Amino acid sequence: MPEGDTVWLAAKRMNTALGGATLRRGELRVPQLAATDLAGRTVAEVVPRGKHMLTRFTDGWTLRTHYRMDGSWHIYRHGARWRGGPAFAIRAVLATDAWECVGYRLHDVAMVRTEHEDQLVGHLGPDVLSPDWDLDEALRRLRSHPDEQIGVAILDQRNLCGPGNLYKVEGLFVCGVHPWARVADVEDLPGLVERTRTLMLANRDRPEQSTTGDLRRGRDHWVYGRKDRPCLRCGTPVLRGDQGPDLQERITYWCPRCQAARSPIDPMARTGEPDHPPPLPSAT
């Protein structure tokens, strides 16, 4: 799943292409919005909110899209060949006289009045890449579930939004925290959250993601994707396991030496919930 820094960079580029411009073409190729024509609307701005992208229009409406596991936005100069995938995978087209933004395999496509955006993203915790980042609120939310596994809690977008599996894994490693440790047992929870945020800030302006400071393949991550390969810090073979609720497990990597468990841990325990917004209120 794309991490928050990927969405942040995409929103920045989309805002550069579309911000202040009027759409000459605006199509939403999803059943519930197939009849919606965005042509003629002016884009006020494109902003990220965790892993959600919000395209706001000057007429008071917002288009929300979510990448989930395989979605992406591609930006082309007007008239260039689209290369993001087959035509049937296109879910949105936003085009101006200069640029064409094409959304492939997008999920959770919705239109809502801008003043009602909270119906779609209001459940999210503080955004780690936002200028209004609130560490105290993120810690309050994390600590409200002290028995939650920290590897699950960091991914719960209701606690803090933006970090995905890569930054969860690498943040825990850098801070020497076992993925299955309870939130209450993490000695320096503020340090863990801030270090995870620092890793994301370091990567948000580029497509490459390195948590070691080295962009060379095989040297860019401490333990992520390195099952049975030596930990880059101590040389111990890296372990891999599934963590999370049934049918929603995420692969977790850790070094058994650098992240030694400080208390008995059951790596088969699975708790937590996915990043899904609550149901919208009924029209009545």
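Residues numbered from 1 in each chain as written. Predicted model: local features only at pLDDT ≥ 70, side-chain atom pairs only at ≥ 80, totals over all residues. Heavy atoms only, no water.

Caption draft 1: Representation of the confidence of the model for the protein. In the predicted model, the protein carries a mean pLDDT of 91, and the fraction of residues at 70 or more is 92%. Low pLDDT (under 50) marks residues 268–284, which in the prediction has 34 contacts with non-local residues, meaning those over four places away or in another chain. (pLDDT = per-residue confidence, 0-100. Contact = heavy atoms within 4.5 Å.)

Caption draft 2: Region of the structure containing the pattern of salt bridges. All told, the structure shown has 15 salt bridges when counted by the stated rule. A salt bridge links Glu137 to Arg141; the shortest N-O distance between them is 2.8 Å. Note that Glu137 and Arg141 are positioned in helix H3 (residues 135–143) at a spacing of four residues, about one turn of the helix. Under the relative-accessibility criterion, Glu137 is labelled partly exposed at 22%. Two residues, Arg182 and Asp147, come together in a salt bridge whose shortest N-O distance is 2.3 Å. Placement of Arg182 in the loop between helix H5 (165–174) and helix H6 (189–203) and of Asp147 in the loop between H3 and helix H4 (150–153) is noted, with a sequence separation of 35 residues between them. With a relative accessible area of 33%, Arg182 lands in the partly exposed category. You can call Asp147 exposed: its relative accessible area is 56%. Taken together, the salt bridges that share partners define one network made up of Arg25, Glu27 and Arg29. (Salt bridge = Lys/Arg side-chain N within 4 Å of Asp/Glu carboxyl O. Helix = DSSP H or I, 4+ residues; strand = E, 2+ residues; numbered from the N terminus. Buried < 20%, exposed > 50% of the residue type's maximum accessible area, 1.4 Å probe, protein only.)

Caption draft 3: Broad picture of the packing of aromatic side chains. Counting across every chain of the model gives three aromatic pairs. With 5.6 Å between their ring centres and 25° between their planes, Phe173 and Trp222 make a pair best called stacked. Within this pair, whereas Phe173 is found in helix H5, its partner Trp222 is found in the loop between H6 and strand E9 (239–243), the two being separated by 49 residues in sequence. Here Phe173 falls in the buried class, since its relative accessible area comes to 0%. (Phe/Tyr/Trp six-rings, centres within 6.5 Å; stacked < 30°, edge-to-face > 60°.)

Caption draft 4: Summary view of the sheet that holds strand E2 (residues 43–49). Overall, antiparallel pairing links the four strands, which are arranged E2-E3-E4-E8 in an open sheet. Bordering the open sheet on either side are E2 and strand E8 (107–113), each of which pairs with just one other strand. For this sheet, the mean angle separating the axes of adjacent strands, direction not counted, is 15°. Bridge count between E2 and strand E3 (residues 52–57): six bridges; the pairing is antiparallel. Bridge pairing in E3 links Arg49 to His52. (Pairing = 2+ DSSP bridges. Axes fitted to C-alpha atoms, helices over the stretch in contact; angles between N-to-C directions.)

Caption draft 5: Geometry of the environment of Ile251. Structurally, the position occupied by Ile251 is in strand E10 (residues 250–254). Accessibility expressed as a relative area gives 35% for Ile251, which makes it partly exposed. In this structure, the C-alpha to C-alpha distance between Ile251 and Gly164, residues 87 residues apart in sequence, is 11 Å. Each residue touching Ile251, except ones within four places of it in the same chain, is listed here: Asn165, Lys168, Val169, Arg240, Gly241 and Asp242.

Caption draft 6: Structural view of the nonpolar core. Ranked by internal contacts, the top residues of the largest apolar core, which has 24 residues, are Leu18, Leu28, Met53, Trp73 and Leu94. Per-element accounting of this core gives the leading share, six residues, to helix H1 (residues 4–18). Ignoring anything within four residues of it in the chain, the contact list for Leu94 reads Leu18, Leu23, Arg25, Gly26, Leu38, Thr55, Leu63, Trp73, Trp99, Glu100 and Cys101. Ranked by size, the runner-up nonpolar core spans 23 residues in total, among them Val128, Trp133, Ile150 and Leu172. (Core = buried A, V, L, I, M, F, W, Y, C linked by side-chain atoms within 4.5 Å.)

Caption draft 7: Structural detail: the UniProt feature "domain: Formamidopyrimidine-DNA glycosylase catalytic" (unreviewed entry) in the protein. The positions UniProt marks with the feature "domain: Formamidopyrimidine-DNA glycosylase catalytic" (unreviewed entry) are residues 2–89. End-to-end, the C-alpha atoms of residues 2–89 are 17 Å apart, and along that stretch the chain is 17% helix and 33% strand. (UniProt positions renumbered as here; feature names shortened; annotations may be inferred.)

Caption draft 8: Fine view of the sheet that holds strand E7 (residues 99–104). Read from one edge of the open sheet, four strands run E1-E6-E7-E5, paired in antiparallel fashion. In this open sheet, the two strands that pair with only one neighbour each are strand E1 (25–28) and strand E5 (72–77). Strand-to-strand twist across the sheet, computed as the mean angle between neighbouring axes with direction ignored, equals 20°. Bridge count between strand E6 (residues 90–95) and E7: five bridges; the pairing is antiparallel. Residue pairing for E7: Ala95 is matched across the bridge by Glu100.

Caption draft 9: Fine view of the packing of H5 against H6. For the pair H5 and H6, the least separation of the axes is 9 Å and the interaxial angle reads 125°. Classified by the angle their axes make, H5 and H6 are oblique. With respect to the hand of their crossing, H5 and H6 are arranged in right-handed fashion. Residues Tyr167, Glu170, Gly171, Leu172 and Val174 of H5 lie in contact with H6, whose contacting residues are Leu192, Arg195, Thr196, Leu199, Met200 and Asn203. Among the residues forming the contact of H5 with H6, the class breakdown is six nonpolar, three polar and two charged. (Parallel < 35°, antiparallel > 145°, perpendicular 65-115°, else oblique. Left-handed = near helix turned anticlockwise from the far one by under 90°. Nonpolar A, V, L, I, M, F, W, Y, C, P; charged D, E, K, R; others polar.)

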